[in-house]
Amino acid sequence: MNQHIFTSDLFGPWVQCFKMQGSGNDFVLLDNRELRLAPSEMAGWARAVCRKAFGMGADGLIFLDKSHDRADVDYFWHFFNADGSRAEMCGNGSRCAARLAFELGLAGKEHALGTDAGPIKAEVFPEQDLAKVQLTPARDLQLNIALTLEEQAFNVHFVNTGVPHLVVFVPDVQSVNIPELGPRFRYHPRFAPGGANVNFVQIVDSGNLLLRTYERGVEGETFACGTGAAASALISHALAHTGVHVQVKTSGQDLLGITIDNDSLFLTGKAMLVFVANLNLRALGLVLPTQP
Ligand SMILES: N[C@H](CCC[C@H](N)C(=O)O)C(=O)O
């Protein structure tokens with residue numbers, strides 16, 4: 001019995017979706033257990049649904065799916081950036097997926113979801129509208145990389161916290177010209193071919209950072225980036241600027257909590273269901289999958 005797909009004589013097929021935000025990083029979530037889109041069809045849905053004005057507008061599209069008989073996860077997801085690029089992981093998106101999976105009865109308060117980066121342990125605190133995830137182990141940490149951008153020298157850092165992140169420490173995040181600098185770091189040949197997300201970080205004190213992120217696949221600044229906050233806190237700690245518990249205030253002015261526990265990295269923050277809506281597929285130029 002379809003719960004999320006409606007066909008009415010008004011315009012044609014509709015698909016129910018869930019609009020969520022994690023500290024201002026916003027996502028549309030779809031239940032693919034019923035929709036049964038093939039992964040090859042998903043990028044087009046992401047571009048259409050995430051498009052501002054012509055679609056719903058969001059930083060990314062998340063498909064919740066069956067666990068594909070994997071014993072280590074309760075369900076699997078497919079994550080796509082607004083430009084249709086598939087990403088291995090998304091910190092804020094995984095927190096939103098975990099909250100929705102719990103609310104839909106797909107998983108308990110504590111569960112694991114399967115991502116391209118690996119299984120992600122999640123814990124949901126619905127009373128406080130919070131969700132916490134354990135990110136995949138950080139890898140490829142590179143400190144103090146000397147980069148030149150059009151004759152200007154920069155000292156940057158790199159780590160993969162599920163997706164690749166550049167971290168640049170600055171004295172005042174508000175004074176950074178992100179539309180100008182973001183793409184130049186994002187597409188620097190040193191990080192080709194996939195490029196990286198770019199995080200501009202201001203150290204407030206040993207427990208607090210300010211962060212602005214230019215996100216790959218959104219190709220612009222987002223209000224928050226979970227794996228970026230984790231990357232910034234990890235590198236800041238590695239350089240002895242901050243401790244193992246860090247609060248990261250992002251562009252949306254929410255706080256993301258990062259905890260570094262030996263090789264484990266935890267991300268905690270708000271995960272809110274903003275509204276439930278029905279997507280008019282015909283208006284989006286989308287069709288239901290043909291597979292039986
Ligand atoms: N744009 C990222 C994926 C989303 C990461 C971010 N939204 C987060 O919360 O971690 C990338 O393509 O690498």
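This one's a predicted model, so the numbers in the text were calculated from it and none came from an experiment.

Overview of the state of the cysteines
Here comes step 1: What the rule picks out here adds up to zero disulfides.
Here comes step 2: Free cysteine cysteine 17: the closest other cysteine sulfur is in cysteine 50, separated by 10 Å.
Here comes step 3: A residue is classified by how much of its surface remains accessible, and cysteine 17, at 0% relative accessible area, is buried.
Here comes step 4: Cysteine 90 carries a free sulfur, and the closest cysteine sulfur to it, the one in cysteine 225, is 6.9 Å from it.
Here comes step 5: We classify cysteine 90 as buried; its relative accessible area is 7%.

Observations regarding the UniProt feature "binding site: substrate" (unreviewed entry) in the chain
Here comes step 1: Taking the UniProt record as the reference, the feature "binding site: substrate" (unreviewed entry) is found at Asn25, Asn81, Gly91, Asn92, Asn197, Glu215, Arg216, Gly226 and Thr227. Considering the C-alpha atoms alone, the annotated residues occupy 203 residues of sequence yet fold into one spot, their largest mutual distance being 14.4 Å. Considered against the largest cavity, the annotated residues that line it turn out to be Asn25, Asn81, Gly91, Asn197, Glu215, Arg216, Gly226 and Thr227.
Here comes step 2: Here glycine 91 lies in helix H3 (residues 91–103).
Here comes step 3: Taking the relative accessible area as the measure of exposure, glycine 91 reaches 1% and is therefore buried.
Here comes step 4: In this structure, glycine 91 is in contact with Val133, Leu135, Gly226, Thr227 and Leu267, ignoring residues within four places of it in sequence.

Here we look at the nonpolar core
Here comes step 1: Counting residues in each nonpolar core, the largest one holds 47 residues, and the members touching the most others are Leu29, Ile62, Tyr75, Trp77 and Ile258.
Here comes step 2: For this core, the element with the highest residue contribution is helix H5 (residues 226–238), accounting for six residues.
Here comes step 3: Residue assignment places this core across two domains, with domain 1 (5–133 + 272–284) and domain 2 (139–262) each supplying three or more.
Here comes step 4: If sequence neighbours within four positions are ignored, leucine 29 has contacts with Cys17, Phe18, Met20, Ile62, Cys96, Ala97 and Leu100.
Here comes step 5: Formed by 24 residues, the second largest nonpolar core is a distinct cluster that contains Leu30, Met42, Cys50 and Ala277.

Let's talk about H5
Here comes step 1: With 13 residues, H5 should reach 18 Å at 1.5 Å per residue; the first-to-last C-alpha distance of 18 Å fits that figure.
Here comes step 2: Summarising burial for H5: eleven of the 13 residues are buried, a large majority.
Here comes step 3: Turning to H5, its buried residues number three or more, namely Gly226, Thr227, Gly228, Ala229, Ala230, Ala231, Ser232, Ala233, Leu234, Ile235 and Ser236.
Here comes step 4: Taken from the residues just after H5, alanine 240 is the one with a positive phi, measuring 65°.

Examining the pairing of strand S3 (residues 25–31)
Here comes step 1: Counting buried positions along S3 yields seven of seven residues, so the element is predominantly enclosed.
Here comes step 2: Taken together, the five bridges between strand S2 (residues 12–22) and S3 define a ladder with antiparallel strand orientation. Directly across from lysine 19, in S3, lies its bridge partner valine 28.
Here comes step 3: The turn joining S2 and S3, which pair antiparallel and follow one another in sequence, is formed by two residues; a positive phi near 55° is taken by serine 23.
Here comes step 4: For S3 and strand S4 (residues 60–65), the ladder comprises five bridges, and the chain directions are parallel. Residue pairing across strands places leucine 29 opposite isoleucine 62, the latter belonging to S4.

About the cut-offs
- Residue positions are counted from 1 within each chain, in the order its sequence is given.
- Per-residue local features of the predicted model are confined to residues with pLDDT of at least 70, and side-chain atom pairs are confined, for both listing and counting, to 80 or more; whole-chain, interface and lining totals are unaffected and use all residues.
- Only hydrogens and water are set aside when side-chain values are computed; all heavy atoms of the structure are taken into account.
- Pairs of cysteine sulfur atoms within 2.5 Å are what we label disulfides.
- Any residue under 20% of the maximum accessible area for its type is buried, any over 50% is exposed, and the rest in between are partly exposed; the area is computed with a 1.4 Å probe on protein chains only.
- UniProt positions are given in the numbering used here, feature names are shortened, and annotations may be inferred rather than shown by experiment.
- Of the two site types, the cavity is a set of points on a 1 Å grid over the protein atoms alone where a 1.4 Å probe fits but cannot get out, and the pocket is an open set with protein on both sides within 12 Å along at least five of seven lines, each lined by residues with an atom within 4 Å of a point.
- Secondary structure follows DSSP: runs of H or I at least 4 residues long count as helices, runs of E at least 2 residues long count as strands, and numbering of each begins at the N terminus.
- Whether two residues are in contact is decided by their heavy atoms: any pair within 4.5 Å suffices.
- For our purposes a nonpolar core is just a set of buried Ala, Val, Leu, Ile, Met, Phe, Trp, Tyr and Cys residues, chained together by side-chain atoms within 4.5 Å.
- All the domain ranges listed were derived from an automatic or database domain assignment.
- In this analysis, the expected span of each helix is defined as 1.5 Å times one less than the number of residues it contains.
- Strand pairing follows a simple DSSP-based rule, namely that at least 2 bridges must link the two strands.

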